[in-house]
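# Understanding the architecture of this molecule
Read off the chains here:
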Amino acid sequence: MPLVPSLFIDGHWVAAAAGASREIRNPFDQSPVATVDEAGAEDTECAIAAARQAFDHGPWPSTPAVQRGALLSAVADLLVRDRADVAKAESLDTGKRLVESEYDVDDVVRVFRYYGGLAGDAAGRVVDTGNPNAISRVVYEPVGVCGLITPWNYPLLQASWKVAPALAAGNTFVLKPSELTPSTAILLMRLLTEAGLPAGVANLVLGAGPQAGAPLADSPLVDLVSFTGGLTTGKRVMAAAAGTVKKVALELGGKNPNIVFADTDLDAALDNALTAVFLHSGQVCSAGARLLVEDSLHDSFVTELASRADRIRLGGPFDPQAETGTLISAAHQAKIEAYVAGAVAEGAKVVCGGRVPDEPELKAGFFYRPTILDGCVATMGCVQDESFGPVLTVERFTDEDDAVRIANDTVYGLAGAVWTSDASKAQRMAGRLRHGTIWINDYHPYLPQAEWGGFKQSGVGRELGPTGLDEYREAKHIYQNINPAPSRWFGDFGDKDR
Ligand code: NAD
């Protein structure tokens, strides 16, 4: 049983109604991290009811926008104060290196500050009616109760991308983080409370998706569901949300092309190709897991890349020598093994990795060696499917047209990169790639101020940036005639009455 209740409903920490719990273990050494409550549908229904009550009758939706913004800025300050504890909790749940978790917390701080500033920008706009007796304006109002569902790879960062704009716009919410990584969501609820958020505005349920998460897509009391996770689950959430025509925002998977032309700065392209795919052991939605190399550069580039990948040091979250960490779970490790076996069966050639490491000190963790699969083509399953692990597929291309054709040959459209020293070629490519973010001669930087979201089956709606806030508010047009008079549309009613 949990030492303290870990579901946060209507301003109180409560235990799961059915008394179920889940043990969280560090994926590096299986040491126990925490035992938390495991919510069932009835707990989530309670959390939804609390969020509904707080939205319909509580003070938050009508709190002046600048005050909402000030609260978000206060949360950012509290996160700075608690940076070390929050980062440690994130590393214990995910197995990611502490330095990466610290970087993530800094990103979360930026997100809260950004939406804190944007919250006050809620004045709306006046529309010219051309009629001196009418006033027409568009105002922004919160959507209502938001169901926020997040994955395990960047637990707090993904939550912040939803929680901060939802609060900035005046909504109430129920957050359902991944069942594998609940710790930083618990810390976030404490910080929101400390910052003064009224009871019922922020609610947290922990547990498995089909039980604790599904009611957020089903319930008629929820107005919006914002989901980040895999494509299959995203389709399920979207279908469930259709029952009550909820607003839906989806951030789904990616199979992102990293396109290297022969005229590129080789050292930068090589180094970034490693970061693109092996950061956080490839468990990144925007990972550059699909390398496209121009024919003339292919052999030398892949040889050097494989030699560098072979030297990547694996280790635990608090090992200062480690360059990347474990996978999240045994099930995910087995999925990567099966994915590589499938790729080999369809003709891919393993040029490095392709196995679980054999060092004794890594045996307890769910590690997989950084892996490069050469000889791939777009028709192969390994090129089309997201592995979400440290596996790079390599394809060749002949020229710009060929690169565009291959890179767009995917159901996904989240992100991609182009490496070339020809600036006009880079711009042409960026314009033709059907992916939501394109990096030129770089990989992975994102900005809270710039939109993030997928084309095609990588998503619906945009997170971050000014339009990220738009996901969480309704634009309402208010037209006011300040000199009411009969319309006289059908003639003179005064005459008829006579
Ligand atoms: P997942 O789809 O298995 O789970 C995501 C969340 O959905 C979890 O909280 C899970 O419990 C919940 N869930 C599962 N079934 C549900 C249901 N029926 N109803 C409601 N909720 C349910 O994904 P994951 O394995 O946690 O995360 C990995 C995936 O997330 C990858 O595909 C990755 O690309 C994607 N991702 C995308 C972005 C982005 O910005 N586009 C960012 C991070 C991760």
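Preceding this paragraph is the structure being described.
Analysis parameters
Residues numbered from 1 in each chain as written. Predicted model: local features only at pLDDT ≥ 70, side-chain atom pairs only at ≥ 80, totals over all residues. Heavy atoms only, no water. Phe/Tyr/Trp six-rings, centres within 6.5 Å; stacked < 30°, edge-to-face > 60°. Buried < 20%, exposed > 50% of the residue type's maximum accessible area, 1.4 Å probe, protein only. Lys NZ or Arg CZ within 6 Å of the ring centre and 35° of its normal. Pairing = 2+ DSSP bridges. Helix = DSSP H or I, 4+ residues; strand = E, 2+ residues; numbered from the N terminus. Axes fitted to C-alpha atoms, helices over the stretch in contact; angles between N-to-C directions. Contact = heavy atoms within 4.5 Å. Parallel < 35°, antiparallel > 145°, perpendicular 65-115°, else oblique. Nonpolar A, V, L, I, M, F, W, Y, C, P; charged D, E, K, R; others polar. Near = heavy atom within 4 Å. Polar contact = N/O pair within 3.5 Å; in protein donor to acceptor, adjacent residues only side chain to side chain. Areas by Shrake-Rupley, 256 points an atom, 1.4 Å probe, with all protein chains shown as cover. Expected span 1.5 Å × (residues − 1). Salt bridge = Lys/Arg side-chain N within 4 Å of Asp/Glu carboxyl O.

## Topic: the packing of aromatic side chains
Applying the stated criterion across every chain yields a total of nine aromatic pairs. Ring centres of Tyr114 and Tyr115 lie 4.9 Å apart, and the angle between their planes is 75°; on these two criteria the pair is classed as edge-to-face. Given a relative accessible area of 16%, Tyr114 falls into the buried group. Residue placement shows Lys96 over the ring face of Tyr154; its charged tip is 3.7 Å from the ring centre. Geometry around Tyr140 places Arg473 over its ring, the cationic atom sitting 3.9 Å from the centre.

## Some details on the sheet that holds strand β15 (residues 371-374)
Ordered in space as β14-β15-β16-β13-β12-β17-β18, the seven strands form an open sheet in which the pairing is mixed. The outermost strands of the open sheet, each flanked by one partner alone, are β14 (349-352) and β18 (437-440). Neighbour to neighbour, the strand axes of the sheet diverge by 25° on average, direction disregarded. Here strand β12 (residues 257-260) pairs with strand β13 (residues 290-294) via four bridges, running parallel. Along β13, the bridge assignment pairs Asn258 with Leu291. Strands β12, β13, β14, β15 and β16 (391-397) of the sheet are contacted by helix α10 (residues 295-310), whose axis makes an angle of about 140° with β13. Against the sheet, helix α14 (residues 423-432) engages β12, β17 (415-419) and β18, with an angle of about 170° to β18.

## A word on the packing of helix α3 (residues 83-94) against helix α6 (residues 183-194)
For the pair α3 and α6, the least separation of the axes is 8 Å and the interaxial angle reads 155°. One way to sum up the angle between α3 and α6 is to call them roughly antiparallel. Contacts between α3 and α6 involve Asp85, Val86, Ala89, Glu90 and Asp93 from the first element and Ser183, Thr184 and Leu187 from the second. When grouped by side-chain class, the residues that make up the contact of α3 with α6 number three nonpolar, two polar and three charged.

## Thoughts on the site of the ligand
Taken together, 28 residues are adjacent to the ligand, and Lys176, Glu179, Thr233, Leu252 and Glu386 come closest. One of the side-chain N or O atoms of Glu386 is found 2.6 Å from an oxygen atom in the ligand. Within the complex, the protein chains bury 89% of what would otherwise be the 860 Å² of accessible surface of the ligand. If you list the elements that add at least two residues to the shell around the ligand, you get α7 (209-218), β10 (224-228) and α8 (231-242). Grouping the amino acids of the shell around the ligand by side-chain chemistry returns 12 nonpolar, 11 polar and five charged.

## Quick notes on α3
With 12 residues, α3 should cover 16 Å at 1.5 Å per step; its first-to-last C-alpha distance of 16 Å lies within 8% of that length. Among all positions in α3, only Val86, Ala87, Ala89, Glu90, Ser91, Asp93 and Thr94 are buried. Tucked inside the fold, the buried residues of α3 contact β3 (21-25), β4 (32-37), α2 (65-81), α4 (98-119), α5 (155-168) and α6. Immediately downstream of α3, the backbone of Gly95 shows phi near 80°, a positive value.

## Remarks on the pattern of salt bridges
Taken as a whole, this structure holds 26 salt bridges when the rule is applied. Note that Asp401 and Arg432 form a salt bridge whose closest N and O atoms lie 2.9 Å from each other. Pair noted here: Asp401 is in helix α13 (residues 400-407) and Arg432 is in helix α14, with a separation of 31 residues, a long-range link. Residues Arg405 and Asp402 are paired through a salt bridge, measuring 2.6 Å at the closest nitrogen-oxygen approach. With Arg405 and Asp402 both in helix α13, this residue pair falls three residues apart, about one helical turn. Linked through salt bridges whose partners overlap, the residues forming this network are Arg52, Asp56 and Asp223.

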